[in-house]
Amino acid sequence: MLIKMNYIANNKEINTALKKFYNREISALEIGDIYFKYKLYSAASSFYNIELFDILNTKQYERKSYCFQKMGECYLSQQLDGNFSDWQLEMINELFTEAITFNQYNYIAYLGLITCLELQNRSKEVYHYCNKLLLHINEFNIKPEDYDRIYKLSLKFYDLSEYFFIIKYDYFNNTLLKFFLDINYNTKKICVLANRIQKHIAIDKYENDIIRGNIYS
């Protein structure tokens, strides 16, 4: 704790931001982002919470969504050993869920919620939120720094689908491939994904009919 306090005291950017905040020149959200950048998650979370209180009765839904998302990220990042208690995971789950409630296009909140659900061993819900995110992938404003996260999630999703004996249909598969083609993603990685999809749909006619509800007499 003493090391962190000394670090904050000697951090010029944080000190400047604090002065601006107390002079009401910047918002609690802005200083929260600065603390988050320096991985001071407890302090960052406190400022995001202050911002939420300030905009409680406003219609700034995307801003509210962002604050809930960042608070969820703070709590996920704070527990370095990954040894979360049940109540911690439930709280993180609720934060990301609130973020999505205020902004259904907050894909970072989806990614955070999926991570939390995985830690809670709630595989069916992981499938549900992965499916929703990837099916509507073109409706989200995915930033380049998150392309790899979406790619890894896509590969994992086919494993999850098969775990639940679900074969994804052509529209879903083509939408996903088109997304990576449109953003000029790594060609080799696109080929890996395309091959994974081919493997996914390469089931025999009997299995395919059962999955589609065509039961043999």
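Structural notes, computed from the coordinates. Computed from a predicted structure; not experimentally measured. Along each chain, the written sequence defines residue order, and numbers are assigned to residues from 1. It should be noted that, the model being predicted, local features are given only for residues of pLDDT at least 70 and side-chain atom pairs only at 80 or more, the latter also being counted only at that level, while totals for whole chains, interfaces and linings use all residues. Side-chain calculation: all heavy atoms of the structure are included, whereas hydrogens and water are not.

**Re the pattern of salt bridges**
To keep things clear, this is the line we draw: The term salt bridge refers to a side-chain nitrogen of Lys or Arg lying within 4 Å of a carboxyl oxygen of Asp or Glu. The numbering of helices and of strands both runs from the N terminus, where a helix is a DSSP run of H or I of at least 4 residues and a strand a run of E of at least 2.
Scanning the entire structure with this criterion turns up eleven salt bridges. Among the ionic pairs, Glu 13 bridges to Lys 37, the shortest N-O distance being 2.8 Å. A residue pair is termed long-range when its members are at least 10 positions apart, and Glu 13 in helix H2 (residues 12-22) and Lys 37 in helix H3 (residues 28-37) qualify at 24 residues. Taking the shortest distance from any N to any O, the salt bridge between Glu 51 and Arg 63 comes out at 2.6 Å. A residue pair is termed long-range when its members are at least 10 positions apart, and Glu 51 in helix H4 (residues 41-54) and Arg 63 in helix H5 (residues 61-78) qualify at twelve residues. Among the ionic contacts, a cluster of salt bridges with common partners joins Glu 90, Arg 122 and Glu 125.

**Remarks on helix H11 (residues 187-201)**
Put simply, the rule is: Every helix has an expected span of 1.5 Å times one less than the residues it contains. Relative accessible area decides the class of each residue, using a 1.4 Å probe on protein chains only: under 20% of the type maximum gives buried, over 50% gives exposed, and in between gives partly exposed. Directions from the helix axis toward the C-beta atoms define the arc.
Taking 1.5 Å as the rise per residue, H11 with 15 residues should run 21 Å; its terminal C-alpha atoms sit 21 Å apart, in good agreement. Among all positions in H11, only Ile 190, Leu 193, Arg 196, Ile 197 and His 200 are buried. The arc that holds every buried residue of H11, seen down its axis, measures 120°, which confines them to one face. Along H11, exposed side chains directed more than 90 degrees from the buried face belong to Thr 187, Lys 188, Asn 195 and Lys 199.

**Regarding the nonpolar core**
Definition in use: Throughout, nonpolar core names a set of buried Ala, Val, Leu, Ile, Met, Phe, Trp, Tyr and Cys residues whose side chains join them through atoms within 4.5 Å. Contacts between residues were defined by any pair of non-hydrogen atoms, one from each residue, lying within 4.5 Å.
With 62 residues, the main nonpolar core has Leu 133, Ile 150 and Phe 180 as its most contacted residues. It is helix H7 (residues 107-119) that contributes the most residues to this core, nine residues altogether. Contact partners of Ile 150, with chain neighbours within four places excluded, come to Leu 111, Leu 133, Leu 134, Ile 137, Ile 142, Phe 179 and Phe 180.

**Considerations on the packing of H5 against helix H6 (residues 86-102)**
Heads up, the condition is: Here, axes are lines fitted to C-alpha atoms. For helices the fit covers the stretch in contact, and angles between N-to-C directions go from 0 to 180 degrees. Roughly parallel refers to an angle under 35 degrees, roughly antiparallel to one over 145, roughly perpendicular to one between 65 and 115, and oblique to any angle outside these ranges. Rotating anticlockwise by less than a right angle from the far helix to the near helix defines a left-handed crossing, while the corresponding clockwise rotation defines a right-handed one. Residue classes follow a fixed rule: Ala, Val, Leu, Ile, Met, Phe, Trp, Tyr, Cys and Pro count as nonpolar, while Asp, Glu, Lys and Arg count as charged, and any other residue, Gly among them, counts as polar.
For the pair H5 and H6, the least separation of the axes is 8 Å and the interaxial angle reads 160°. When the axes of H5 and H6 are compared, the pair comes out roughly antiparallel. Our pair here, H5 against H6, has a crossing hand that is left-handed. Where H5 abuts H6, its residues Tyr 61, Lys 64, Ser 65, Phe 68, Gln 69, Met 71, Gly 72, Glu 73, Tyr 75 and Leu 76 lie against Met 91, Ile 92, Leu 95, Phe 96, Glu 98, Ala 99 and Phe 102. Across the contact of H5 with H6, the residue classes break down as eleven nonpolar, three polar and three charged.

Spatial relationships are all this shows, so hold off on functional conclusions.
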